Amino acid sequence: MPGRLSGKVAIVTGAASGIGLETSVLFVKEGAKVICADLNEEGAKKTAARIAATYGEGLAIAVKVDVSKEDQIKNVVDLAVEKFGKLSIMFNNAGVMHPEDDNALTTEERIWDLTMGINVKGVWYGCKHAIIAMRKSGGGSIINTASFVALMGAATPQLAYTASKGAVLAMTRELAIVHARENIRFNSLCPGPLRTPLLMDFLNTEEKKTRRLVHVPQGRFGEAIEQAYGVLFLASDESSYVTGTDFRVDGGIASAYVTPE
Ligand code: NAD
C-alpha cells in the first residue's frame with residue numbers, strides 16, 4: 001500500500017521531542033523521507049535511530065540546527081535537496097516556552113528576544129528557505145506550529161510566548177495568500193495543552209495541571225501523536241484545498257465557555 005506521503009521529502013524542526021518526534025516517525029511510516037532537525041543533536045539522532053529500527057535505513061537523517069540562525073536553516077534545506085532530491089514538506093515546529101516568561105512588568109527583554117528569535121524568526125527563516133526550494137520542485141506544504149494561546153487569552157501569562165505564537169498565525173496567513181498561486185500551501189497548527197516535556201516542565205505541580213485542565217472540554221492533556229495526525233493531513237495532498245488556516249487540534253478548548261466539570 002502506498003503511504004499518504006509517498007514520494008515526499010520533509011524537514012521537521014524540533015524533531016528530538018514531543019510533536020516533532022511523533023510527526024517525524026509518522027511521516028516516514030506514511031512514505032516520506034525526513035530530515036530530523038533539532039538543537040538537541042542527541043535527541044534528533046535518537047529519533048532517526050528509532051525510524052531506522054522500525055522502517056529501515058536511509059529514510060531519516062538527523063541534523064543539529066538552531067532555527068534562529070538563518071545560515072543553519074539554509075544548510076538544512078540544502079541538505080534535504082542534496083540527499084533526497086527536493087523539499088515537499090516543511091514543518092516549522094521547534095519552539096520554546098521559557099520559565100522566566102511572565103507578565104508585561106516582569107518579563108525581561110532577553111527572554112522576549114530569545115523567544116521571538118526562535119518562535120518567530122525561526123519560522124520565518126524556515127518558510128523563506130523552504131519557498132526557495134519548493135519553487136524549484138513545483139510546490140509544497142508548509143506547516144508552522146502556533147498554539148491555542150494565539151487565539152485566546154490566559155490569566156497565567158507568558159507574554160513573549162503568546163505574542164510569538166500570534167505572530168506565527170499572522171505570518172502564516174499572509175504567506176499563504178502571497179504564495180497561493182505557486183502551489184505552496186501554508187497552514188498553522190494550533191495545539192491545545194499537551195502532555196509533552198514543554199508544558200509538563202512548566203506545569204510542574206498537580207495544582208498547576210488541574211488549574212489548566214478545568215478549561216479543557218475533553219478533560220485531559222493532548223498527546224503529541226494526536227498533533228502528528230493533524231500535521232499528516234496538512235502535509236499530504238488530501239489537504240490540497242486547505243491553505244491559510246489556523247488548524248486547531250486542541251480538545252475543544254478554543255471553543256469553550258463553560259466546560260463539563
Ligand atoms: P518539546 O519541548 O517536547 O519539543 C520542542 C523541541 O524543540 C525540543 O526538542 C527542542 O530541543 C527543540 N528546540 C528548541 N529550541 C530550538 C532551536 N532554537 N532550534 C531547533 N530546535 C529547537 O515541545 P512540544 O510540545 O513538542 O512543542 C513543539 C511545538 O508545539 C512548539 O512550537 C510549542 O510552542 C508548540 N506547542 C506546544 C504545546 C504544548 O502544550 N506542549 C501547546 C501549543 C503549542
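Here's the deal with the overall build of the chain
Regarding its fold elements, the chain presents eight helices and seven strands. On C-alpha atoms alone, the chain measures out to a radius of gyration of 18 Å, which is about the 18 Å that the 2.2 N^0.38 rule sets for 261 residues. Expressed as lengths along the three principal axes of its C-alpha atoms, the size of the chain is roughly 50 × 35 × 35 Å. Buried residues in the chain amount to 51% of all 261 residues. Within the chain, counting contacts between residues at least 6 apart in sequence, those at least 24 apart form 74% of the total.

Considering the site of the ligand
Around the ligand, 29 residues are found, and the nearest of them are Ser17, Asp38, Tyr161, Leu194 and Thr196. One nitrogen or oxygen atom from the main chain of valine 65 is found 3.3 Å from a nitrogen atom belonging to the ligand. A distance of 2.9 Å separates an oxygen atom of the ligand from a polar side-chain atom of lysine 165. Calculation on the ligand without its partners gives an accessible area of 830 Å², and the protein chains cover 93% of this total. In this structure the site holding the ligand corresponds to the largest pocket. Per-class residue counts for the shell around the ligand are 16 nonpolar, ten polar and three charged.

Considering the nonpolar core
Counting 36 residues, the largest nonpolar core has Ile11, Ile35, Leu87, Ile142 and Phe186 as the members making the most contacts within it. If you list the elements that add at least two residues to this core, you get β1 (9-13), β2 (33-38), α3 (70-84), α4 (109-137), α5 (159-178) and β6 (184-191). Setting aside chain neighbours within four positions, we find isoleucine 35 in contact with Ala10, Ile11, Val12, Ile61, Val63, Val76, Leu79, Ala80 and Phe84. Within the second largest apolar cluster, 28 residues are counted, among which are Ala15, Val34, Ile51 and Ala60.

A short note on the environment of aspartate 201
In this fold, aspartate 201 is placed in helix α6 (residues 197-202). It is 27 Å that separates the C-alpha atoms of aspartate 201 and glutamine 72, two residues lying 129 residues apart in sequence.

Notes on helix α2 (residues 41-55)
Over its 15 residues, α2 extends 21 Å from the first C-alpha to the last, a length consistent with the 21 Å expected when each residue adds 1.5 Å. When α2 is considered as a whole, its buried residues turn out to be Gly43, Ala44, Thr47, Ala48, Ile51 and Ala52. Among the structural elements, α1 (18-29), β2 and β3 (60-64) are those in contact with the buried residues of α2. The N-terminus of α2 is capped by asparagine 40, whose side-chain oxygen sits 3.3 Å from the backbone nitrogen of glutamate 42.

Some points on the side chain of serine 236
Along the chain, serine 236 falls in the loop between α8 (224-235) and β7 (246-249). The contacts of serine 236, once residues within four sequence positions are left out, are Arg4, Leu5 and Arg185.

Rules and cut-offs
- Residues numbered from 1 in each chain as written.
- Predicted model: local features only at pLDDT ≥ 70, side-chain atom pairs only at ≥ 80, totals over all residues.
- Heavy atoms only, no water.
- Helix = DSSP H or I, 4+ residues; strand = E, 2+ residues; numbered from the N terminus.
- Rg over C-alpha atoms; globule rule 2.2 N^0.38 Å.
- Buried < 20%, exposed > 50% of the residue type's maximum accessible area, 1.4 Å probe, protein only.
- Contact = heavy atoms within 4.5 Å.
- Near = heavy atom within 4 Å.
- Polar contact = N/O pair within 3.5 Å; in protein donor to acceptor, adjacent residues only side chain to side chain.
- Areas by Shrake-Rupley, 256 points an atom, 1.4 Å probe, with all protein chains shown as cover.
- 1 Å grid on protein atoms, 1.4 Å probe; cavity = no way out; pocket = protein on both sides within 12 Å on 5 of 7 lines; lining within 4 Å.
- Sits in = over half its atoms within 2 Å of the grid points.
- Nonpolar A, V, L, I, M, F, W, Y, C, P; charged D, E, K, R; others polar.
- Core = buried A, V, L, I, M, F, W, Y, C linked by side-chain atoms within 4.5 Å.
- Expected span 1.5 Å × (residues − 1).

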